[in-house]
Amino acid sequence: MDLLYMFIGFIASLVCMFLLMPPFIRYLHKIKFGQTEREEGLASHKAKNGTPTMGGIAFILVPVVLCILSSFFTPYKIDMKLWIVLLAFVGYGFIGFIDDYIIVAKKDNTGLKPGVKFLLQSILAVAFYIMYSSHNPTTLWIPIFDISFDIGFLYFFLIFFMFTAETNAVNLTDGLDGLCAGQMIIALIPFIVFAYVSNALNLVYLLVLVEGALLGYLYFNKHPAKVFMGDTGSLALGGLLAAVAMVLKQEILLILIGFVFVVEVLSVIIQVTSFKTTGKRVFKMAPLHHHFEKSGWKETQVVHRFWLVGIAFAILGLFIGVR
């Protein structure tokens, strides 16, 4: 019966996206909520100016609404852990929405000031730590060695870093058609398995709904993209991934499973640090996916090869994480 519920939920989420996205894209065109590419960006990306953005609204609302409605007539009730995941998904998406709205309203690529954006992300990270730690142990599980130990107040810093780093990492990965959505579809699969093994079926159900919504979104976001997720979508997905890793006690494996996201954000940190200290750039352009574009790879080549790397690390993380 559980598999039937999951299958129906996945199909319902996918169908909703196929039905909602075309009129939603037309509406975004109508109100001129289009992407504004950076002046210093790649010349090949200038053609993307005007492509509707904030498409993440759809793949946030569809699974969240379906999950809440389903809780009334399925066994998958919403408990504290699931509320945390839902609120992280919506909360970080709302921060991204504010950022996107400022960008499209002013027709530039500035958006929220970095300090304000980080402050809002930090407030949510602290809130989710309090919500979670007030009902759950502050233990950390070490993969491979299969040992757990209580790290006490250090757990606060771990969770704070997870949420702020992951949201920004996913945000930076969202730079090529289909890259972020496809990578998130891949990264969520191991966590679905972890949730199933942990008997957290309500979380499995939500993640299956998200997978269906992302797959539907990817149909419209594949190259050449008809819509972008914007910060609305990328910050929401980062918050979702961090929250899921937290409630499933897979904090360390988040680094491995989300390897592509980690490398993307590290490439930016390395680039900025190198340029400020030595005046030299390590990469032709950061984040890393732009370096490969600058090296002559086609956009679709970068996306597909990054997906393959993501699949390899997702499988590795799944192999290590299943107990």
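Above this text is the structure in question.
Residues numbered from 1 in each chain as written. Predicted model: local features only at pLDDT ≥ 70, side-chain atom pairs only at ≥ 80, totals over all residues. Heavy atoms only, no water.

Structural notes on the pattern of salt bridges
Consideration 1: The tally for this structure, following the rule as stated, stands at three salt bridges.
Consideration 2: Note that Asp 99 and Lys 117 form a salt bridge whose closest N and O atoms lie 3.1 Å from each other. Linking Asp 99 in helix H3 (residues 80-106) with Lys 117 in helix H4 (residues 114-133), this pair joins segments that are 18 residues apart in sequence. As far as the burial class goes, Asp 99 and Lys 117 line up, both buried. (Salt bridge = Lys/Arg side-chain N within 4 Å of Asp/Glu carboxyl O. Helix = DSSP H or I, 4+ residues; strand = E, 2+ residues; numbered from the N terminus. Buried < 20%, exposed > 50% of the residue type's maximum accessible area, 1.4 Å probe, protein only.)

A look at the environment of Val 210
Consideration 1: Looking at the secondary structure, you find Val 210 in helix H7 (residues 201-221).
Consideration 2: In this structure Val 210 comes out as buried when scored by relative accessible area, which is 0%.
Consideration 3: C-alpha of Val 210 to C-alpha of Trp 297: the two residues are 87 residues apart in sequence and 30 Å apart in space.
Consideration 4: Not counting residues within four places of it along the chain, the set of residues in contact with Val 210 comprises Pro 63, Phe 89, Leu 188 and Leu 240. (Contact = heavy atoms within 4.5 Å.)

Describing the pairing of strand S1 (residues 139-142)
Consideration 1: In the sheet, S1 pairs with strand S2 (residues 147-150) via four bridges, with the strands oriented antiparallel. Pairing of Leu 140 across the sheet is with Phe 149, part of S2. (Pairing = 2+ DSSP bridges.)

Regarding the packing of aromatic side chains
Consideration 1: On inspection of all chains with the given rule, the structure shows 24 aromatic pairs.
Consideration 2: Among the aromatic residues, ring-to-ring pairing joins Phe 118, Tyr 129, Tyr 132, Phe 153, Tyr 155, Phe 156, Phe 157 and Phe 160 into one connected group.
Consideration 3: Taking NZ or CZ as reference, Lys 222 lies 4.5 Å from the ring centre of Tyr 219, over its face.
Consideration 4: The ring centre of Trp 297 lies 4.5 Å from the NZ or CZ of Arg 305, which sits over that ring. (Phe/Tyr/Trp six-rings, centres within 6.5 Å; stacked < 30°, edge-to-face > 60°. Lys NZ or Arg CZ within 6 Å of the ring centre and 35° of its normal.)

A few points about H4
Consideration 1: For H4, with 20 residues, the first-to-last C-alpha span of 28 Å sits near the 28 Å given by 1.5 Å per residue.
Consideration 2: Taken as a whole, H4 has its buried residues at Lys 117, Gln 121, Ser 122, Leu 124, Ala 125, Phe 128, Tyr 129 and Tyr 132. Down the axis of H4, the buried side of the element spans an arc of 165°, and every buried residue falls inside it. Among the exposed residues of H4, those pointing more than 90 degrees away from its buried face are Gly 115 and Leu 119.
Consideration 3: Residues of H4 that are buried sit in contact with H3, helix H5 (154-173) and helix H8 (230-247). (Expected span 1.5 Å × (residues − 1). Arc of directions from axis to C-beta.)

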